[in-house]
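Report on the structure
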Amino acid sequence: MSGWRRRIAVTGGCGFIGGAYLRQMVPRHPEDLYVNIDALTYAASPERVAAVAHEGNYVFERVDIRDTKAVVECLGRHSITDVVHFAAESHNDRAILTPLRFVETNVVGTANLLESWRVVAKGSGGRFHHISTDEVYGSLPIEGGEGFTESTPYDPSSPYSASKAAADHLVRAWHRTFGLDVVITNCSNNFGPFQFPEKLLPVMISNALSGRRLPVYGDGMNVRDWIHVEDHCDALDLVLRQGRAGRTYNIGADCEIPNITLVTMLCEIIDQREGPLPGGRSRASLIEFVPDRPGHDRRYAIDASRIREELGWSPRHEFRQALEDTVDWYRTHRAWVENCQKSDEFRAYAERNYGERSGDVS
Ligand code: NAD
Ligand code: TYD
């Protein structure tokens, strides 16, 4: 029970960002205990936390955040002080196929976790940190329009972003009503190692490495604002420890790129490393424009002035170098990607998502 400065429950720690967070924080804060609470859905990979699994300040618990009894028991048994809440259904294309699953996990699961923590951690002096997305703000026009600030009105377009917006509102309500110490961070699109091969970068890199087609939705001019996952996690560490109670912080690295430009850059990087395709063709010849995603937001962009000015955060990764390193990570971890793709669950998803777009990714 005693000895640790904080006893932090990290939900979704076997996910892409939660795993990166634990790989960074467990060695950085040996005075804190990290309890990874994860239900191990299709999106989980224990390999993401293999590097810290044997550390003395790390524990894993297989618990579903929708299960009140199990959550209360787990938080109580570890005398949890703080919660850093990553666990979610996170992929927009899946939210179109199974929207209610997103409401159950992202909305009901978050309410359940909040309420369980309110009861169990009363008086611990801890904090609830909700990890959210810039997608709650909706879509910006392609030209003009400043980036999202913390006072931009919520205007979500998809079942995923609406469920995350609902969760943000719940967290704020528990702050105002019950006086809980909460912080919310809304971050832009992450990239880096161990991202599940259903998101843009890993789909494009793994398909390009295997000579398969590169399915770009719509006209490819949708803009995303990219940040390396380690820069996001550094920002999260600052917000948990130094952010103001009840406050929201937007996180982004000023890196807006149209999808087609990014996919073309990836093709160039892979051609340089692997040589051209048979016949001397560039991998850019694999690009295929496919029917658009319904409700596809045109542009996201983050104004991160608040976290830069108040907490002194800035990203340390240079985009082009980080992109090349990410490509190299996928080149040397093809078995991990293939393992993610081999389940019946993944194949069924890929068939439904891309089948209707006339092709396949598996
Ligand atoms: P991910 O899909 O890679 O991982 C989600 C993890 O949560 C998995 O390990 C899964 O097993 C776990 N999980 C899902 N349902 C659960 C449940 N009911 N109980 C317990 N565990 C459960 O997600 P990610 O990309 O790492 O995103 C993490 C968080 O960051 C999410 O809340 C997401 O909304 C947010 N976010 C993601 C991005 C991005 O670019 N990926 C950007 C901004 C914010
Ligand atoms: P994604 O990685 O799913 O993240 P998000 O929906 O949270 O932004 O998609 C990033 C962008 O890439 C988005 O504009 C949709 C587009 N996209 C494609 O064009 N093709 C694909 O196969 C995927 C997965 C995404």
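Everything that follows concerns the structure shown earlier in this document.
About the criteria used
- Throughout, residues of each chain are indexed from 1 in the direction in which the sequence is written.
- Here chains are named by letter from A upward and ligands by number from 1 upward, in the order in which they appear as written.
- Residues qualify for local features only when their pLDDT is at least 70, as the model is predicted, and side-chain atom pairs are given and counted only at 80 or more; totals for whole chains, interfaces and linings, by contrast, use all residues.
- To get the side-chain values, all heavy atoms of the structure are used, and hydrogens and water are removed first.
- Proximity criterion: a residue is near a molecule or strand once any of its heavy atoms comes within 4 Å of it.
- Here a polar contact is recorded for every N or O atom pair within 3.5 Å, except that within protein the pair must consist of a potential hydrogen donor and a potential acceptor, and residues adjacent in sequence are included only if both atoms are side-chain atoms.
- Using a 1.4 Å probe, the Shrake-Rupley method yields the accessible areas, and only the shown protein chains count as cover for residues.
- A run of H or I in DSSP becomes a helix once it reaches four residues, and a run of E becomes a strand once it reaches two; helices and strands are each numbered from the N terminus.
- Amino acids are sorted into nonpolar (Ala, Val, Leu, Ile, Met, Phe, Trp, Tyr, Cys and Pro), charged (Asp, Glu, Lys and Arg) and polar (every other residue, Gly among them).
- In this scheme, strands are said to pair when DSSP sees at least two bridges between them.
- Note on geometry: axes are lines fitted to C-alpha atoms, helical ones only across the stretch in contact, with angles between N-to-C directions running from 0 to 180 degrees.
- The contact definition used throughout considers only heavy atoms, calling two residues in contact when any of these lie within 4.5 Å.
- Throughout, exposure labels follow a simple rule: accessible area from a 1.4 Å probe, protein chains only, divided by the maximum for the residue type, with under 20% read as buried, over 50% as exposed, and the rest as partly exposed.

**A look at the site of ligand 1**
Lining the immediate environment of ligand 1, one finds 29 residues, of which Ile17, Asp38, Ser90, Tyr160 and Lys164 sit closest. Contacts to ligand 1 include Ile17, whose backbone N or O atom sits 2.7 Å from an oxygen atom. Protein contacts shield 97% of the accessible area of ligand 1, which totals 840 Å² for the unbound molecule. Taken together, the elements giving at least two residues each to the shell around ligand 1 come down to α1 (16-28), β5 (128-133), α5 (159-178) and β7 (189-191). Of the residues forming the shell around ligand 1, the biggest block, 3 residues, is contributed by β5. Tallied by class, the residues present in the shell around ligand 1 amount to 15 nonpolar, 10 polar and 4 charged.

**Focus: the sheet that holds strand β11 (residues 256-258)**
Spatially, 3 strands are ordered β7-β9-β11 in an open sheet, and the strand pairing comes out mixed. Each edge of the open sheet carries a strand with a single partner, namely β7 and β11. Averaged over all pairs of adjacent strands, the angle between their axes in this sheet comes to 50°, without regard to strand direction. Relative to β11, strand β9 (residues 223-228) runs antiparallel, the two being bridged by 3 bridges. For Asp225, the partnering residue across the bridge sits in β11 and is Glu256. Packing of helix α7 (residues 229-242) onto the sheet brings it into contact with β7 and β9, and relative to β9 it is tilted by some 70°. Most of the contacts of helix α10 (residues 319-332) go to β7, to which it runs at about 55°, and overall it touches β7, β9 and β11.

**Overview of the environment of Val229**
As for its position among the elements, Val229 is in helix α7. A relative accessible area of 1% places Val229 in the buried class. In this structure the C-alpha to C-alpha distance between Val229 and Asn189, which are 40 residues apart in sequence, comes to 8.8 Å. In contact with Val229, not counting residues within four places along its chain, are Phe16, Ile17, Ala20, Gln24, Asn190, Phe191, Gly192 and Pro193.

None of this, on its own, says anything about what the molecule does.
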